[in-house]
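Structural overview for review
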There are 2 protein chains.
Amino acid sequence: MSTRPVTLPDTPSRVWVALHEFVTGEDRRRALRAALDLGPGKVEVLIKLADGPMTLREIARAVAIDPPAATVGIDMLEARGLVHRTPHPDDNRRKLVHLTDAGRDAAARGHAILSEPPPALTNLDPDDVARLGEILTRLQTNTR
Amino acid sequence: MSTRPVTLPDTPSRVWVALHEFVTGEDRRRALRAALDLGPGKVEVLIKLADGPMTLREIARAVAIDPPAATVGIDMLEARGLVHRTPHPDDNRRKLVHLTDAGRDAAARGHAILSEPPPALTNLDPDDVARLGEILTRLQTNTR
DNA sequence: TATTGTTATACTCTATAACTATA
DNA sequence: TATAGTTATAGAGTATAACAATA
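Structural notes, computed from the coordinates. Because the structure is predicted, anything quoted here is derived from the model rather than measured.

In this section: the protein's contact with DNA strand D. In the vicinity of DNA strand D there are 24 residues, among which Lys42(A), Asp66(A), Arg57(B), Thr71(B) and Arg85(B) approach most closely. The sugar-phosphate backbone supplies 73% of the atoms of DNA strand D found within 4 Å of the protein. Take Asn92(A): an N or O atom from its main chain is 3.1 Å from a phosphate oxygen of DNA strand D. If you list the elements that add at least two residues to the surface near DNA strand D, you get α5 (67-79) of chain A together with α2 (28-36), α4 (56-62) and α5 (67-79) of chain B. Taken together, the residues of the surface near DNA strand D sort by class into seven nonpolar, four polar and 13 charged.

In structure tokens, the structure reads:
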């Protein structure tokens with residue numbers, strides 16, 4: 001009787017689970033909390049705002065939260081002096097959220113933390129890194 | 001004057017950011033909430049408990065939370081009838097947390113949701129899936 | 001009427017500190 | 001004295017519903 005391997009061959013499902021484990025194994029939340037006292041969602045907002053001001057609605061859509069959550073979240077960032085609101089020039093209902101200088105600094109520091117690859121990836125064979133990059137490019141264009 | 005590409009070559013950092021975007025783009029939290037009314041952390045606990053009972057301490061370590069958070073979390077799962085506590089046979093300070101039948105069912109359904117690969121991955125060339133699986137295996141053994 | 005932002009409210013998730021019971 | 005679990009408390013994060021102002 002031949003022994004069969006316990007692990008299945010590489011199916012999309014198995015690869016998906018492994019991908020998730022690898023990515024979420026790195027605890028970015030703790031790193032961001034320690035460095036900036038902000039969660040990943042707040043840092044994500046700051047980084048998006050680095051490209052220019054956004055309305056509350058746009059922020060909510062960009063980070064997949066509801067409008068009330070955006071209001072509360074921006075309230076907190078504003079209380080910390082990282083963003084500020086101005087009236088929208090074309091529509092008095094809307095408000096534009098801008099980064100302050102402190103917010104721009106926090107966005108840059110947060111981006112640096114989030115861009116720091118884990119050692120396992122840094123130590124990976126450069127050919128594998130290149131292959132991985134190519135496959136990811138194909139995945140990203142594979143919306144369908 | 002030659003035009004240089006805007007994107008940098010594939011560095012570990014760029015690959016890391018792309019990996020993260022791909023993985024977290026799928027909103028598992030909403031899917032789990034809709035199907036089971038549980039968050040990813042709770043489902044993760046249920047799935048781990050499917051391998052056998054664990055003490056509160058073991059659960060806390062396994063999902064990287066503090067002991068009080070484990071107590072509160074298990075309280076909630078117990079109130080929903082998904083787990084139950086029994087005294088530890090060897091040590092009266094400890095308690096063992098077991099899945100109930102309902103908990104085992106929820107763990108299975110949660111595992112199915114978490115294992116469901118996104119369309120982009122399902123549609124990926126099987127050779128790329130295999131390559132990706134190999135690279136992930138090398139990454140996982142690359143702890144250093 | 002529809003849209004933008006807000007307030008009120010509630011629940012989940014997690015952390016720190018202090019406590020109880022047991023080893 | 002050290003460990004396992006708990007309680008109390010606090011804050012971040014997000015959701016739903018109801019509301020005000022503006023389009």
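More follows now that the structure is in view.
All names here are of chain B. Relative to the elements of secondary structure, valine 63 occurs in the loop between α4 and α5. In this structure the C-alpha to C-alpha distance between valine 63 and leucine 114, which are 51 residues apart in sequence, comes to 16 Å. Apart from the residues lying within four places of it in its own chain, the contact partners of valine 63 are Glu44, Val45 and Lys48.

All names here are of chain A. Strands sit in the order β1-β3-β2 across an open sheet of three strands; the sheet is antiparallel. The open sheet has two edge strands with one neighbour each: β1 (54-55) and β2 (83-87). Of the strand pairs in this sheet, β2 and strand β3 (residues 95-99) are connected by five bridges, and their pairing is antiparallel. Residue pairing across strands places valine 83 opposite leucine 99, the latter belonging to β3. With respect to the sheet, α5 is in contact with β2 and β3, its orientation differing from that of β2 by roughly 115 degrees.

Time to look at unusual backbone geometry. A positive phi angle, close to 55 degrees, is found at Asp37(A), a residue other than glycine. Looking at the secondary structure, you find Asp37(A) in the loop between α2 (28-36) and α3 (40-49). One non-glycine residue, Ala64(B), lies in the positive phi region at around 60 degrees. Relative to the helices and strands, Ala64(B) resides in the loop between α4 and α5. Of the residues examined, Ala64(B) reaches a relative accessible area of 43% and is grouped as partly exposed.

Criteria and thresholds
- Residues numbered from 1 in each chain as written.
- Chains lettered and ligands numbered in written order.
- Predicted model: local features only at pLDDT ≥ 70, side-chain atom pairs only at ≥ 80, totals over all residues.
- Heavy atoms only, no water.
- Near = heavy atom within 4 Å.
- Polar contact = N/O pair within 3.5 Å; in protein donor to acceptor, adjacent residues only side chain to side chain.
- Helix = DSSP H or I, 4+ residues; strand = E, 2+ residues; numbered from the N terminus.
- Nonpolar A, V, L, I, M, F, W, Y, C, P; charged D, E, K, R; others polar.
- Contact = heavy atoms within 4.5 Å.
- Pairing = 2+ DSSP bridges.
- Axes fitted to C-alpha atoms, helices over the stretch in contact; angles between N-to-C directions.
- Buried < 20%, exposed > 50% of the residue type's maximum accessible area, 1.4 Å probe, protein only.

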